[in-house]
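Read off the chains here:
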Amino acid sequence: MPALSEFDRSLISLLRKDGRMPIATLAAQLGVSRTTVTKRLERLESRGVIVGYTVRVRDEGELDQIRSITHIAVGGVTTTTVIERLRGMPEISALHTTNGNWDLVAEISCRDLTHFDQVLREIRNTSGVENSHSSLLLSSVVRH
């Protein structure tokens, strides 16, 4: 996949701020025609750079949730086996492989601390998980 141009990056940045921004507004802010924006969006979508559009909610909409980033060390069995097990947990909204001391990073959302404790116990009891470390997310100061 070819590298993104500065124009592509600017377009994506505007869409991250407001995914519903009209083509005419995007064009005006980027100083190009609507046709240019439309064609570039089509190209970014067909190349798989833009894979979808979503809605973001205010943090207040998530006040009733406990959110965490949990680092997971895997040993004994393959990471793939652990990923398959964790992938089925609805509380895990994202799961990433990583380097360094931890093999996986999970983004977790739970309704309360008791629920979070249960989820964490389930992760730690998963065959192949050797260790974990969680950080609760208190507030989001930048989110895309």
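Note that this is a predicted model, so its numbers are computed, not measured.

Draft legend 1. Up close: the overall build of the protein. Along the protein, the regular secondary structure elements total 5 helices and 4 strands. What you see in the protein, going N to C, is helices and strands ordered as α-α-α-β-α-β-β-α-β. Taking 144 residues into account, the globule formula puts the C-alpha radius of gyration at 15 Å, and the protein, at 20 Å, lies well above it. Along the three orthogonal principal directions, the C-alpha set of the protein runs to about 55 × 35 × 25 Å.

Draft legend 2. Representation of the pattern of salt bridges in the model. Summed over all chains, the structure comprises 3 salt bridges. Where Glu122 meets Arg85, a salt bridge forms, and the shortest distance between an N and an O atom there is 2.9 Å. Residue Glu122 is found in helix α5 (residues 113-124), and its partner Arg85 is found in helix α4 (residues 79-87); the two are separated by 37 residues along the sequence. According to the relative accessible area criterion, Glu122 is partly exposed, its value standing at 32%.

Draft legend 3. Spatial organisation of the packing of helix α1 (residues 6-17) against helix α3 (residues 34-46). The contact between α1 and α3 brings their axes to 11 Å, and the two run at 90°. As summarised for this structure, α1 and α3 are arranged roughly perpendicular, according to the angle between their axes. Seen from α1, the contacting residues are Phe7, Asp8, Leu11, Ile12 and Leu15; seen from α3, they are Thr36, Val37, Arg40, Leu41, Arg43 and Leu44. Its residues assigned to classes, the contact of α1 with α3 shows 7 nonpolar, 1 polar and 3 charged.

Draft legend 4. The arrangement of the nonpolar core in detail. In this structure, Ile72, Leu86, Ile92, Leu104, Ile108 and Ile123 are the most contacted members of the largest nonpolar core, which totals 16 residues. Among the elements of the structure, β1 (66-74), α4, β3 (104-110) and α5 are those that each provide at least two residues to this core. Here Ile123 is in contact with Ile72, Leu86, Met89, Ile92, Ile108 and Val129, once residues within four sequence places are set aside.

Draft legend 5. Broad picture of α4. Residues of α4 that are buried: Val82, Ile83 and Leu86. The arc that holds the buried residues of α4, viewed along the axis, is 100°, so those residues lie on one side. Residues of α4 that are buried make contact with β1, β2 (92-97), β3, α5 and β4 (129-137).

Draft legend 6. Highlighting the pairing of β3. Extensive coverage of β3 is indicated by the burial of 5 of its 7 residues. Counting the residues in the hairpin turn of β2 and β3 gives 6 residues, including Gly100, whose phi is positive at 90°.

Draft legend 7. Highlighting the sheet that holds β4. Read across the sheet, 4 strands follow the order β2-β3-β1-β4 without closing on themselves; strand pairing throughout is antiparallel. Where the open sheet ends on each side, the last strands, each with one partner, are β2 and β4. Between one strand and the next, the sheet's axes are offset by a mean angle of 20°, whatever the strand orientation. Of the pairings in the sheet, the one linking β1 to β4 comprises 8 bridges and is antiparallel in character. Among the inter-strand pairings, Arg67 is bridged to a residue of β4, identified as Leu137.

The rules behind the values
Residues numbered from 1 in each chain as written. Predicted model: local features only at pLDDT ≥ 70, side-chain atom pairs only at ≥ 80, totals over all residues. Heavy atoms only, no water. Helix = DSSP H or I, 4+ residues; strand = E, 2+ residues; numbered from the N terminus. Rg over C-alpha atoms; globule rule 2.2 N^0.38 Å. Salt bridge = Lys/Arg side-chain N within 4 Å of Asp/Glu carboxyl O. Buried < 20%, exposed > 50% of the residue type's maximum accessible area, 1.4 Å probe, protein only. Axes fitted to C-alpha atoms, helices over the stretch in contact; angles between N-to-C directions. Parallel < 35°, antiparallel > 145°, perpendicular 65-115°, else oblique. Contact = heavy atoms within 4.5 Å. Nonpolar A, V, L, I, M, F, W, Y, C, P; charged D, E, K, R; others polar. Core = buried A, V, L, I, M, F, W, Y, C linked by side-chain atoms within 4.5 Å. Arc of directions from axis to C-beta. Pairing = 2+ DSSP bridges.

Everything listed is a geometric property; what it means functionally is a separate question.
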